[in-house]
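Structure assessment
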Amino acid sequence: MTGSLQGLLAGRPIDLSDLRMALTYSLSALQYMHEHGIVHGDVKPSNLLVDRNHRVKLGDFGLSVLLFEADEPSSGNAPTELVTTCGTPEWMAPETVLGGPADERTDVHALGLVLDRLLTGRCVNAGPTRGEVFRRIRDVEPEPADRVVNGIPADLVAVCLKCLAKNPAERYRSAAELAVDLARFLEGLPTIALPLTP
């Protein structure tokens, strides 16, 4: 490994041409985990590791949670009963901050934060204190990425905002669903996530 995505970005947004490289491998890893009933629980740029071939891989599984046994049918992949506020505050989902259950959509939210970070160079929920960070996570809707950096395609902004929905029911249900919509964008097709109307 040559370092983390966070170190390579160093506060800069990523070029759109590099987006596929940055997300494909980490999405595949997360999709595999979700299919086997596991939530990562701490997806963030410093846990996306870049190898010497510039492939981005998912690391640090210390907070991963088993939702269901992979050889048993899941009843809709119901949220785990684990109630926790573990994780890195700026990269947590609203339900986690509120002490609620985590599921695949919690990881999707974190991937949305990573995607926004890639597009804009900002950390959506950064604040001077932990309390302010938690307030932003709970109550403040993120400013769309194209209002921070000009020229980001509307469909990609829509994908990002769908990931970042405060209500888990409004997000992609898993990394697999997100991967499908991101692939549609990269192939020039309309996304499932609807762009904001002017």
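Residues numbered from 1 in each chain as written. Predicted model: local features only at pLDDT ≥ 70, side-chain atom pairs only at ≥ 80, totals over all residues. Heavy atoms only, no water.

Here we come to the nonpolar core. Ranked by size, the top nonpolar core spans 32 residues in total, and within it L27, L115, L156, Y172 and L178 carry the most contacts. Broken down by element, this core gets its largest block of residues, 8 residues, from helix α4 (residues 104-120). Listed in part, the 5 residues of the second largest apolar core include V97, V133, F134 and I137. (Core = buried A, V, L, I, M, F, W, Y, C linked by side-chain atoms within 4.5 Å. Buried < 20%, exposed > 50% of the residue type's maximum accessible area, 1.4 Å probe, protein only. Helix = DSSP H or I, 4+ residues; strand = E, 2+ residues; numbered from the N terminus.)

Time to look at the packing of helix α6 (residues 154-163) against helix α7 (residues 175-186). Following both chains from N to C, one finds α6 and α7 inclined at 170°, their axes separated by 10 Å at the closest point. With respect to each other, α6 and α7 are oriented roughly antiparallel. Only L178, D181, L182 and F185 of α7 make contact with α6, whose side of the interface consists of D155, L156, V159 and C163. Taken together, the residues of the contact of α6 with α7 sort by class into 6 nonpolar, no polar and 2 charged. (Axes fitted to C-alpha atoms, helices over the stretch in contact; angles between N-to-C directions. Parallel < 35°, antiparallel > 145°, perpendicular 65-115°, else oblique. Contact = heavy atoms within 4.5 Å. Nonpolar A, V, L, I, M, F, W, Y, C, P; charged D, E, K, R; others polar.)

To continue, consider the pattern of salt bridges. Any two side chains of opposite charge can pair, given that their charged atoms come close. One pass over the full model with this rule turns up 5 salt bridges. Residues E95 and R171 are paired through a salt bridge, measuring 2.8 Å at the closest nitrogen-oxygen approach. Taken together, the residues E95 in helix α3 (residues 94-97) and R171 in the loop between α6 and α7 connect sequence positions 76 residues apart. Accessibility expressed as a relative area gives 3% for R171, which makes it buried. A salt bridge links R135 to E132, with the shortest nitrogen-to-oxygen separation between them at 2.9 Å. Of this pair, R135 and E132 both sit in helix α5 (residues 130-139), 3 residues apart, which is roughly one turn of that helix. (Salt bridge = Lys/Arg side-chain N within 4 Å of Asp/Glu carboxyl O.)

Structurally, the position occupied by E143 is in the loop between α5 and α6. For E143, a relative accessible area of 42% corresponds to the partly exposed category. Residues E143 and L161, 18 residues apart in the sequence, show an inter-C-alpha distance of 9.1 Å. Contact partners of E143, with chain neighbours within four places excluded, come to R122 and V148.

Turning next to the packing of aromatic side chains. To describe a pair of aromatic rings, you give the distance between the ring centres and the angle between the ring planes. Scanning the entire structure with this criterion turns up 0 aromatic pairs. Of note, K162 hangs over the ring of Y172, and the distance from its end group to the ring centre comes to 5.3 Å. (Phe/Tyr/Trp six-rings, centres within 6.5 Å; stacked < 30°, edge-to-face > 60°. Lys NZ or Arg CZ within 6 Å of the ring centre and 35° of its normal.)

A word on α5. Three or more residues of α5 are buried, namely V133, F134 and I137. Buried residues of α5, seen end-on, are gathered within an arc of 95° and therefore sit on one face of the element. If you follow the buried residues of α5, they end up packed against α3. (Arc of directions from axis to C-beta.)

All right, on to the packing of α4 against α6 then. At a minimum axis distance of 7 Å, the contact between α4 and α6 shows a crossing angle of 140°. α6 is crossed by α4, and the crossing has left-handed handedness. Contacts between α4 and α6 involve V108, H109, G112, L115, D116 and L119 from the former and L156, V159, C160 and C163 from the latter. (Left-handed = near helix turned anticlockwise from the far one by under 90°.)

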